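Topology and contacts: notes
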Amino acid sequence: NFHRPQFTQMMEKVKRGEINLICVKDFSRFSRDYIETGNYLECTFPFMGVRFISINDAFDSDDYLGVTGGLELALRNLINNMYSRDLSTKVRSAYRTRNLRGEYWGGSGFYGYQVHPHNKKRLIVDEQVRDIIVMIFESCVSGMTTSEVAQMLNDMGIPSPLEHKRRNGGFYNGVVKEETGIWLKGAVRKILTDERYTGKMITNTRETEEVGKPKMRSLPRDQWIIVPGTHEAIISEELFRTAQNRSE
């Protein structure tokens, strides 16, 4: 798609007249959105005086001055678009198969678990924080609010999930919302509502709204893939359900 930072920077330079030639390996490297690609090649670039070359496609816009690329160009862009969508469907199918098997495919484990050293598709309990997670659930069941639990953990000097990950050489994929090294009520609530602590693998909770678009949407629970018994439970089903009724 065209929602790429470097592409945006390039187009800004085109608008300022700093670029008058764009050269790509093939059309698919430019984009696989055949409608927008055609618009750029037949309208935008000619209007801005930009020459476009696709090496593997033996395409040079200078060969089509005053005319469009014709049916061949449109078909190539359409094929690239169809290939991208077909590939996306196959990738989704492969992910779904792994999800149905209860396999874990994150880069690192979530708080309370680590990726198995000999099997990256399995999780094992992080013994450093097992008792902390149990304490969080039991404190909630006893009547403490998430804010009170967070304050208690800070008073005890227990590292927050972010700090624990940092100390153990972990990393985050994407945006880190928890910017401090202390416990916040949001972090406590996230743990209390994570059913994976009962030994279930839960996936397919979100999906992309459209192929090639980064925006995600949440799926209803009846569409989630829930596979029980994929890893050792830290919290019992009974304690988890009770905590849901007691937490804020």
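Residues numbered from 1 in each chain as written. Predicted model: local features only at pLDDT ≥ 70, side-chain atom pairs only at ≥ 80, totals over all residues. Heavy atoms only, no water.

1. Notes on the overall build of the protein chain
Across its full length, the protein chain holds nine helices and nine strands. Each of the 248 residues in the protein chain was classed as buried or not, and the buried ones make up 37%. Across the protein chain, contacts joining residues at least 24 apart in sequence account for 62% of those joining residues at least 6 apart. Total accessible area computed for the protein chain in this model is approximately 15100 Å², and 52% of it derives from carbon and sulfur atoms. (Helix = DSSP H or I, 4+ residues; strand = E, 2+ residues; numbered from the N terminus. Buried < 20%, exposed > 50% of the residue type's maximum accessible area, 1.4 Å probe, protein only. Contact = heavy atoms within 4.5 Å. Areas by Shrake-Rupley, 256 points an atom, 1.4 Å probe, with all protein chains shown as cover.)

2. Quick word on the environment of Gly102
Here Gly102 lies in the loop between α4 (70–100) and β4 (113–116). For the pair formed by Gly102 and Thr203, sequence separation is 101 residues and the distance between their alpha carbons is 8.5 Å. Setting aside its immediate chain neighbours within four residues, Gly102 contacts Met201, Val227 and Thr230.

3. Examining helix α6 (residues 146–155)
Where α6 is concerned, the buried positions are Thr146, Val149, Ala150, Met152 and Leu153. Summarising the axial view, the buried residues of α6 lie within an arc of 160 degrees, below the 170-degree limit, and thus occupy one face. In this structure, the buried side of α6 is in contact with α5 (130–141) and α8 (185–192). (Arc of directions from axis to C-beta.)

4. Here's the deal with the environment of Ser147
Structurally, Ser147 can be placed in helix α6. With 37 residues separating them along the chain, Ser147 and Leu184 place their C-alpha atoms 7.1 Å apart.

5. Observations concerning the sheet that holds strand β2 (residues 51–54)
The strand order β1-β2-β3 describes an open sheet built from three strands, whose pairing is mixed. Two strands close off the open sheet at either side, each with one partner strand: β1 (21–24) and β3 (59–60). Across two bridges, β2 lies against β3 in antiparallel orientation. Looking at β3, one finds that Ser54 is bridged to Phe59. (Pairing = 2+ DSSP bridges.)

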